[in-house]
Amino acid sequence: MKGQYMLGASPYEIERLTFQGEVWRSMTEALFDRIGVGPGWRCLDVGAGIGVVSLPLAGRVSPGGEVAALEMAPLYAETLREQIARKDIDNLRVIEEDVRSFRAPKAAYDLIYSRWVFSFLRDVEGTLKRLLPGLKKGGFLAVEDYHHLGCAYYPNRPSFDAVIEAARKWYLKTGGNYRVAGELPAIFYRLGLKRVEVTPHIRVGGPESDLWRWSELFFIGHLPAMIREKLISVGLAARFKKDLEEVKKIPGAIFVVPTIFDVVGRR
Ligand SMILES: C[S@@+](CC[C@H](N)C(=O)[O-])C[C@H]1O[C@@H](n2cnc3c(N)ncnc32)[C@H](O)[C@@H]1O
C-alpha cells in the first residue's frame, strides 16, 4: 500500500539490518570522517532502525555530543532502547515518531543524517523541508541512499534481472523511488543548501563475499513478500533461487551492488 514502509519490521529484518550495518559501516564512517563529525556534535539520525549507525555515531560525538535516533517502528525503537540501556550509553536517545510528521527543534543539530529511508518515502522534498529548520547555520544534511541502477548478478540469468526489476517496482508501488539519490542534489539546492557534494559507491563481490550474502538477505529474504505483493510468481521465485545456487558455483561469478550515493549539503 502507498505510504507504508515496504520492508516492515520483523525479527528477520533485525537480523538483516544488523548484518547490513557491518557490510556498510566503513562507507558511513568514511562519510563522517569527510564531514569532520567529532566530539560535541549534535546529530539526528532519521529512520535509524535498530541503530547500527546511531550507536557508533554516539561514540564518535562523545564527549559533549548527542545523537537523536528518529524511528517510527516500535519494534526497532524498542530494540535500540534495549541496546542503549545494556551498553549504558548516555548520549543517545530514541524519538519514536514518523519523520513525515516530525517537527525538528529549531537549529538544534550540527548534522542531520539518513541512510536508506528517503527511497521509501513519497514526499521527499516536503519531508526534508520540514527537517531543515532543525539544522544549525553551517550544519550538514547528509543522506546515503540508492540510485538503484547497475545492480546485477553475473553470469547473468533472466530470473536475476526479473527479480531485481520486481524489487524496484515494489519501491514504486509503496510510493518510494529507488533512484531517489539522483534527485537529491537538485532538491538540496532548491531547499537552499550550499556546497552540495555527491559521492557514489559501486562495489562488486563474489559468492563468498559479504556483499553477495547481503544481496541474498535482501532478494531471497524478500521473495515471499514480493509474491504476496503480486510482483513475482512462485515459479519465478523458485527459478531465481535455483539459478543463484548454480551461478554461485561458477568461478568468477559476481554480484554488482546497486549504486549508493552520499549526498551532502550545508545550511
Ligand atoms: C532500510 S532501514 C535503514 C535503517 C538504518 N538507517 C540503517 O542504515 O540501518 C529503513 C528504516 O527507516 C524507517 N522508516 C521508514 N519510514 C519511516 C518514516 N516515515 N519515519 C521514520 N522512520 C521510517 C524504517 O522503520 C526502518 O527502520
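One structure accompanies this document, and this report is about it. (Residues numbered from 1 in each chain as written. Predicted model: local features only at pLDDT ≥ 70, side-chain atom pairs only at ≥ 80, totals over all residues.)

## Comments concerning the sheet that holds strand β1 (residues 42-46)
Reasoning step 1: Strand order in this open sheet of seven strands is β3-β2-β1-β4-β5-β10-β7, and the pairing throughout is mixed. In this open sheet, the two edge strands, each paired with only one partner strand, are β3 (92-96) and β7 (194-201). Taking the axes of each pair of neighbouring strands and ignoring which way they run, one obtains an average angle of 15 degrees across the sheet.
Reasoning step 2: In this structure, β1 lies alongside strand β4 (residues 109-115), joined through four bridges in parallel fashion. Bridge pairing in β4 places Cys43 opposite Leu111. (Pairing = 2+ DSSP bridges. Helix = DSSP H or I, 4+ residues; strand = E, 2+ residues; numbered from the N terminus. Axes fitted to C-alpha atoms, helices over the stretch in contact; angles between N-to-C directions.)

## Section: the environment of Tyr189
Reasoning step 1: Within the secondary structure, Tyr189 is located in helix α7 (residues 180-190).
Reasoning step 2: Residues Tyr189 and Gly265, spaced 76 residues apart in sequence, show a C-alpha to C-alpha distance of 8.3 Å.

## Here's the deal with the site of the ligand
Reasoning step 1: The ligand sits among 21 residues. The nearest are Gly47, Gly49, Met72, Val99 and Arg115.
Reasoning step 2: At the level of elements, α1 (11-23) and β2 (66-71) are the ones that each hand at least two residues to the shell around the ligand. (Near = placed C-beta within 6 Å.)

## With respect to the packing of α1 against helix α8 (residues 210-219)
Reasoning step 1: Two numbers describe how α1 lies on α8: the axes approach to 10 Å, and their chain directions differ by 150 degrees. By the angle between their axes, α1 is roughly antiparallel relative to α8. Relative to α8, α1 is oriented so that their crossing is left-handed. Contacts between α1 and α8 pair Arg16, Phe19, Gln20 and Val23 from the former with Asp210, Leu211, Trp214 and Leu217 from the latter.
Reasoning step 2: A breakdown of the residues in the contact of α1 with α8 according to their chemical character gives five nonpolar, one polar and two charged. (Parallel < 35°, antiparallel > 145°, perpendicular 65-115°, else oblique. Left-handed = near helix turned anticlockwise from the far one by under 90°. Contact = placed C-beta atoms within 7 Å. Nonpolar A, V, L, I, M, F, W, Y, C, P; charged D, E, K, R; others polar.)

## Let's talk about the sheet that holds strand β8 (residues 204-205)
What links the strands of a sheet is backbone hydrogen bonding, and the strands pair in either a parallel or an antiparallel sense.
Reasoning step 1: Pairing is antiparallel in the open sheet, where three strands are placed in the order β6-β9-β8. Edge positions in the sheet fall to β6 (152-154) and β8, since each of these pairs with one other strand and no more.

## Describing the nonpolar core
Reasoning step 1: Counting 56 residues, the largest nonpolar core has Cys43, Leu44, Leu111 and Ile112 as its most contacted members.
Reasoning step 2: Here this core takes six residues from strand β5 (residues 135-147), the largest share from any one element.
Reasoning step 3: Residues within four places of Ile112 in sequence aside, it is in contact with Leu44, Val46, Leu131, Gly134, Leu135 and Leu141.
Reasoning step 4: One finds Val163, Ala167, Met226 and Phe255 within the second-largest nonpolar core, a separate group that totals 16 residues. (Core = buried A, V, L, I, M, F, W, Y, C linked by C-beta atoms within 7 Å. Buried ≥ 20, exposed ≤ 12 C-beta atoms within 10 Å, placed from the backbone.)

## Side note on the pairing of strand β10 (residues 259-266)
Reasoning step 1: Counting buried residues in β10 gives six out of eight residues, a clear majority hidden from the surface.
Reasoning step 2: Where β5 and β10 come together, eight bridges link them in antiparallel fashion. Counted as the bridge partner of Ala142 is Val264 from β10.
Reasoning step 3: Where β7 lies against β10, six bridges are found, and the strand directions are antiparallel. Residue pairing for β10: Thr199 is matched across the bridge by Asp262.

## Structural notes on the environment of Ser209
Reasoning step 1: With respect to the helices, strands and loops of the structure, Ser209 is situated in the loop between β8 and α8.
Reasoning step 2: With 15 C-beta atoms counted inside 10 Å, the residue Ser209 sits in the partly exposed group.

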